Amino acid sequence: MKKKWFVVWMVAFFVSLTITTLFSSEKASAQGKPIVIGSPLATAFLYGWDAERAIKLAVEEINAKGGVTVGKEKRPFKVEVMDTRDLEPGVPVSDALLVVEKLILEKNADFIVGGPVRSEAALAAMDLLSKYKKVSILTTGVLTPAYHKRIEAEYDKFKYCFRISGEVGWMVTGEFIPCLMGIKEKFGLNKLFIMVQDVAHARAGGDLVAKLAGEKGWEIVGKEVYPTGTTDYSVGLLKAKDGKAQVILIWMDMPETAILLKQWYDMKIPALPFGTIIAAAEQPGFWKATEGKGEYCMASVVNAGNAPSNATPWTMKFVEAYQKKYGLEPEGYGTSSSYMAVYVLKDAIERAGKLDSDAIVDALEKTDLMGVYGRIRFNPKNHQIIPSVDPNEGAVGTIFQWQAGKRVVVFPPKIAMGEIKLPPWMKK
Amino acid sequence: MDILIYGIVNSFSLALMAIGFTLVYGISRLPNFAHGAIYVITGFGVWWFIHKLHLNYALSIILALVLMGLIGAGVYRFVLIRVRGMATSEIIATYALGLAILEFLRWRGFKGMTYTLPVFIEGSIQIAGVPIDLQRIIVIGIGIVVISFMWLFTHYNKTGLALRGMAQDEHAAMMLGIDSDWMALIAMAIGSILSGLSAVVLLPLGNIVVEAGYNVLILSIAVCIVGGLGSWGGAILAAFMIGFVQILTVRYIQSHFHMVVALLAIILTLILRPSGLFGRQKELEERV
């Protein structure tokens, strides 16, 4: 009797297994073989998790509309995200490289979209991408000009690397300095204190701002470099106060910068906090996290669309779609660019008609579409997105200020939704 | 003046962070490398009680501290008791446990800057023209209370005296009827509560991040090594030395070297005076 039941169970098991396999393979063939997007991201940090969410949102939208047309075939996108941990203090660059290699070799990624997020790791990953001839679109983190300069210097080797987000050179000369000059003109402020994180992009960015602002009539009254993970800024803030600083320029991508703003408020430091890169203040949750103490803090989110504005007709559509899916506004740098990267890749694949890396590189170089943050085009020599302060001409950035619990875009003027305000304890 | 004020605040912060670690080591000779993880889970615990269970702040703190005491006791009863006396295994076990806790928190999505605890009293004052927020004044106050309480507890309370006896000579204490394992369990529980208490007092100054667990552990180790492993007086003195040097470094050199001070202190102590300022590990010193 027992033997009979055993046979019945075994037959039932194999029949159900066969049916499941048949149905699943039928489903796969109906949708075509997925195009795998490998995303190496520091998922514990804003610039990682917002990119992951945005990539998944774009993939979901594209797949819902039938997927990507590759020649005559419709194929869906599939995302494989792996944590690089490269924004964490003390994690070596080699860990991020292992993740990139795993995505290529184990997850069979056709393309790399997203990171690595830390400049040092992304620069090191370029050789790996070149070795495997994998087209990569950087969408978050990495702001160093060295990335596109390296592509330009050794085009044949690094032609597979693209960056769809901003870079320090343009951000400083095209956005931060003009915005600082606007503050100088409007409020008559001219003393600058610089606080940066001890990472490549922040050190370079801080130095560049100091040099250019100095040339434009700003007096640099001090500069502090903080290790990643710093949780006390009080003495640095006192130095800024002693130096009679009127604007504190902050360039840090660690979440602990929320502490800096809380301390700034508690100590009533009479200087406007201007976060050129300030991960904590970028996020919608910043207001609640600082109990409103972060009011008046300015922050750049690098690309439009990372805070609500009407930069292009697609901007608010993206903001609303993100809000509908995740229950909050796009969170900061890396959101709109990661979302756009998937659409740009789709567009390039469809124009190339195949997944061949060299064909995709050619197609990406010819990209010209109106995206979430303006006109998306790559410089064909260095594969850096072409920036502008006019969304009809190129990719526009966004600097906003926290005002009464809202992120109000104040720069560039073409997409501004409000004016810069000073904290009450600064007013004479 | 700002150096004096912020130096004192920083020193009391370090003393609060380290006192639990040095208590456990001083009594049971157990290096509790899960100390930083306990600091972090206390913060998340209080946050959870306030925001998810909607309990009031004071009750959330008490519950979290009781929970930390139970966790500390549990760690000794179910993990450390099995490896006690094997120094390397003790370090590996507690460090692995700490890592597991911190990485579990990260995996469960406890990340970013959205986790914060409210300050006890809002506002700031000026002392000789130097602005300081009231929470930092509270840090000093609680630091004094905790240090005084621990001194009174170990000098006038029966359990406290037994803990001191254990710290002085475990075998002699056992001959007098003191249960070594029970005392070590109590030490772990009190050490964890002290770690939790430091989190409750210090975390409102910033936000709760997993990475803080590693920093707190490094700073606690630095304070204990400089002060002399197991010496409470030494730990407090070391906290003041490191605290002031850190503030002087930030003021006159660069913020960049803030953490280097603690690490350099560990290296210099191990080279020049391996048993620390008030350490009792003379045999180690003799060997060197």
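Residues numbered from 1 in each chain as written. Chains lettered and ligands numbered in written order. Predicted model: local features only at pLDDT ≥ 70, side-chain atom pairs only at ≥ 80, totals over all residues.

A. Spotlight on the overall build of chain A. For chain A, the helix and strand inventory stands at 15 helices and 16 strands. For a compact globule of 428 residues, the expected C-alpha radius of gyration is about 22 Å, and chain A comes in at 24 Å, within 12% of that figure. Dimensions of chain A along its principal axes, counting C-alpha atoms only, are 90 × 55 × 40 Å. For chain A, the residues scored as buried account for 56% of the 428 residues in total. Expressed as a percentage of contacts within chain A between residues at least 6 apart in sequence, the contacts between residues at least 24 apart total 71%. (Helix = DSSP H or I, 4+ residues; strand = E, 2+ residues; numbered from the N terminus. Rg over C-alpha atoms; globule rule 2.2 N^0.38 Å. Buried ≥ 20, exposed ≤ 12 C-beta atoms within 10 Å, placed from the backbone. Contact = placed C-beta atoms within 7 Å.)

B. Highlighting the overall build of chain B. Each helix and strand counted, chain B has 12 helices and 2 strands in total. When the elements of chain B are put in sequence order from the N terminus, they spell out α-α-α-α-β-β-α-α-α-α-α-α-α-α. Relative to the compact-globule value of 19 Å for 288 residues, chain B shows a C-alpha radius of gyration of 19 Å, a close match. Seen through its principal axes, chain B has C-alpha atoms that stretch 55 × 45 × 40 Å. The contacts in chain B between residues at least 6 apart in sequence include a share of 75% that link residues at least 24 apart.

C. Representation of unusual backbone geometry within the structure. All names here are of chain A. That bond from G115 to P116 is cis: its omega, 5 degrees, falls within 30 degrees of zero. With respect to the element layout, P116 can be found in the loop between β5 (111–114) and α4 (119–132). Geometrically, the link from F411 to P412 is a cis peptide bond, its omega value of 0 degrees lying close to zero. Along the polypeptide, P412 turns up in the segment after β16 (406–411). With phi around 60 degrees, K244 is a residue other than glycine that occupies positive phi space. Take K244: it is sitting in the loop between α9 (234–242) and β10 (247–252). You can call K244 exposed: it has 12 C-beta atoms within 10 Å.

D. A look at the sheet that holds β5(A). All names here are of chain A. Taken in spatial order, the 5 strands make up an open sheet running β4-β1-β5-β6-β7, and their pairing is parallel. The open sheet has two edge strands with one neighbour each: β4 (77–83) and β7 (161–163). In this sheet, neighbouring strand axes are inclined to one another by 20 degrees on average, regardless of whether the strands run parallel or antiparallel. As defined by bridge partners, β5 adjoins strand β6 (residues 135–138) across 4 bridges and the pair is classed as parallel. Counterpart to I112 in the pairing with β6 is S136. Strand contacts of helix α2 (residues 46–64): β1 (35–41), β4 and β5, with the helix running at about 170 degrees to β4, the strand carrying the most contacts. (Pairing = 2+ DSSP bridges. Axes fitted to C-alpha atoms, helices over the stretch in contact; angles between N-to-C directions.)

E. Fine view of the pairing of strand β2 (residues 130–133) of chain B. Residue and element names in this part refer to chain B. As judged from the 4 bridges shared by strand β1 (residues 124–127) and β2, these two strands associate in the antiparallel manner. Residue pairing for β2: S124 is matched across the bridge by D133. Counting the residues in the hairpin turn of β1 and β2 gives 2 residues, including A128, whose phi is positive at 50 degrees.

F. Summary view of the sheet that holds strand β8 (residues 191–197) of chain A. Residues and elements named next belong to chain A. Taken together, 7 strands build an open sheet; the order of strands is β9-β8-β10-β11-β12-β15-β16 and the sheet is mixed. Bordering the open sheet on either side are β9 (219–226) and β16, each of which pairs with just one other strand. Here the strands of the sheet are splayed against their neighbours by 25 degrees on average, with no regard to which way each runs. By the bridge criterion, 5 bridges tie β8 to β10 in an arrangement that is parallel. Residue pairing across strands places F193 opposite I248, the latter belonging to β10. Against the sheet, helix α8 (residues 200–215) makes contact with β8, β9, β10 and β11 (272–278), and its axis sits at roughly 170 degrees relative to β8, the strand it touches most.

G. Focus on helix α9 (residues 212–227) of chain B. Residue and element names in this part refer to chain B. An ideal rise of 1.5 Å per residue puts 22 Å on 16 residues; α9 measures up with 22 Å between its terminal C-alpha atoms. Across the 16 residues of α9, 14 count as buried, placing the element largely inside the fold. Taken from the residues just after α9, G228 is the one with a positive phi, measuring 105 degrees. (Expected span 1.5 Å × (residues − 1).)

H. The arrangement of the packing of helix α2 (residues 35–51) of chain B against α9(B) in detail. Residues and elements named next belong to chain B. One can describe the packing of α2 onto α9 by two numbers: an axis separation of 7 Å at closest approach and a directional angle of 135 degrees. It follows that α2 is oblique to α9 by the angle criterion. For the element pair α2 and α9, the recorded crossing hand is right-handed. In this structure, α2 contributes H35, G36, A37, Y39 and V40 to the contact, and α9 contributes A212, G213, Y214, V216, L217 and S220. Each residue belonging to the contact of α2 with α9 can be placed in one class, and the counts come to 7 nonpolar, 4 polar and no charged. (Parallel < 35°, antiparallel > 145°, perpendicular 65-115°, else oblique. Left-handed = near helix turned anticlockwise from the far one by under 90°. Nonpolar A, V, L, I, M, F, W, Y, C, P; charged D, E, K, R; others polar.)

I. The confidence of the model for chain B, seen in detail. Mean pLDDT over chain B stands at 85; residues scoring 70 or higher make up 96%. If you check the scores for this complex, the pTM reads 0.74 and the ipTM reads 0.70. (pLDDT = per-residue confidence, 0-100.)

J. How the structure looks around the interface of chain B and chain A. Taken together, the 26 residues of chain B in the interface contact 26 residues of chain A. Elements supplying a minimum of two residues to the side of chain B that touches chain A: α1 (2–28), β2, α9, α10 (232–252) and α11 (258–272) of chain B. Each residue belonging to the side of chain B that touches chain A can be placed in one class, and the counts come to 9 nonpolar, 11 polar and 6 charged.

K. Highlighting the packing of helix α3 (residues 93–105) of chain A against α4(A). Residues and elements named next belong to chain A. The contact between α3 and α4 brings their axes to 9 Å, and the two run at 30 degrees. Our pair here, α3 against α4, has a crossing hand that is right-handed. Taking contact as the criterion, the partners of V93, A96, L97, V100, E101 and I104 in α3 are, on α4, E120, A121, A124, A125, L128 and Y132. Tallied by class, residues from the contact of α3 with α4 come to 10 nonpolar, no polar and 2 charged.

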